[in-house]
Amino acid sequence: MKAISVHNLHKHYGQLHVLRGLTLEITRGECVILLGANGCGKSTLMRCLNGLTSHDQGEITILGDSLTHLSKPQLRQLRRKVGVVFQQFNLVQNVSVFQNVLYGAKGQQRFGLLASLACLATHELRERAMASLERVGLAHKAHADCRQLSGGQQQRVAIARTLMQDAEIIIADEPIASLDPKAGKEIMDLLLDVVSERRLTVLCTLHQLELAQQYGDRIIGMKAGQIVLDTPRQQVALATMQQLYQGDVRVDQISPPTVDNAALPTS
Ligand SMILES: Nc1ncnc2c1ncn2[C@@H]1O[C@H](COP(=O)(O)OP(=O)(O)OP(=O)(O)O)[C@@H](O)[C@H]1O
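A short tour of the structure in this document, coming up. (Residues numbered from 1 in each chain as written. Predicted model: local features only at pLDDT ≥ 70, side-chain atom pairs only at ≥ 80, totals over all residues.)

Turning our attention to unusual backbone geometry. Despite not being glycine, Leu-63 has its phi angle at roughly 50 degrees, a positive value. Inspection of the secondary structure puts Leu-63 in the loop between strand S4 (57-62) and strand S5 (65-66). According to the C-beta neighbour criterion, Leu-63 is partly exposed, with 16 such atoms within 10 Å. (Helix = DSSP H or I, 4+ residues; strand = E, 2+ residues; numbered from the N terminus. Buried ≥ 20, exposed ≤ 12 C-beta atoms within 10 Å, placed from the backbone.)

What follows covers the sheet that holds strand S1 (residues 2-13). Judged by pairing direction, the sheet is antiparallel, and its four strands sit side by side in the order S2-S1-S4-S5 without closing on themselves. At either end of the open sheet lies a strand with only one pairing partner, and these are strand S2 (16-27) and S5. (Pairing = 2+ DSSP bridges.)

Along strand S7 (residues 169-173), five of the five residues are buried, which leaves the element largely enclosed by surrounding structure. The alternating pattern of S7 places Ile-169, Ile-171 and Asp-173 on one face and Ile-170 and Ala-172 on the opposite face, and all of these are buried. Sheet analysis places strand S6 (residues 82-86) next to S7, joined by five bridges and oriented parallel. If you follow Val-82 over to S7, its bridge partner there is Ile-169. Once you follow S7 into helix H7 (residues 181-198) and on to strand S8 (residues 201-205), the crossover reads as right-handed. (Right-handed = clockwise from strand over helix to strand, strands pointing away.)

What follows covers the packing of helix H6 (residues 151-165) against H7. Relative orientation of the contacting elements H6 and H7 amounts to 10 degrees, with a least axis distance of 10 Å. Put simply, H6 runs roughly parallel to H7. Considering the relative orientation of H6 and H7, their crossing is right-handed. Contacts between H6 and H7 pair Gly-151, Gly-152, Gln-155, Arg-156, Ile-159 and Leu-163 from the former with Ala-183, Glu-186, Ile-187, Leu-190, Leu-191 and Val-194 from the latter. Residues that form the contact of H6 with H7 fall into these classes: seven nonpolar, three polar and two charged. (Axes fitted to C-alpha atoms, helices over the stretch in contact; angles between N-to-C directions. Parallel < 35°, antiparallel > 145°, perpendicular 65-115°, else oblique. Left-handed = near helix turned anticlockwise from the far one by under 90°. Contact = placed C-beta atoms within 7 Å. Nonpolar A, V, L, I, M, F, W, Y, C, P; charged D, E, K, R; others polar.)

Next up, the structure:
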């Protein structure tokens, strides 16, 4: 079954035509890395997939449900199945780590931020929040203020929050962009471990081409609002991916996937 299906997607911001007939399918359980130069429309696509931004034309189907035909309550329900991890972590800064994770359960049992602050969560939810924090190695920081954490630790909290949410799909928009290389690799390792344990589907944008090759089952490349590269990671050469970032290369000049990759890891 397809986790994500996008057909002929268009999105404008005023006169700016950002997504230009984008079509994409992601099967359940796949880990897909999305590459593309600044401004090509990656974040806009991610936001459309999560229903945070509305699209102008085209069809998005998430876990079998078309976003176009959902009522607002149904959309809210569907959003719970799509966890998001952002570059800026998007944590509530003036509350504890534990409360941030608990907040991932919003929508379950009419549970929201106010309830998390007022400690109204059930025993079961609180146990799950602590187990999520343990899974990301931060149980000992449960009562710390998020502002006291490093960037890598804050991203761990964001991942724990998606675990709490019981998401089936994780959309990660440059999750390691603000981290140093070591912390970035640790976060990618954690994310991919969690994803494989729970058989989740991932769509993750990165700008680090070597990491894309290391972590993606499949690599897709965007240019000017369209998918111009779509290939299993074993079949993509670094040079092909680099073409996505060369400003003077037109969409129709991106090389097709090559199989000349003796130097690339195969697993
Ligand atoms: N809310 C908005 N209103 C107007 N223009 C926007 C808005 N969001 C994005 N844009 C513009 O749409 C284009 C695509 O932006 P988007 O953030 O999707 O690109 P991106 O590929 O994610 O870039 P980056 O790699 O820098 O994050 C850019 O030109 C951006 O300035």
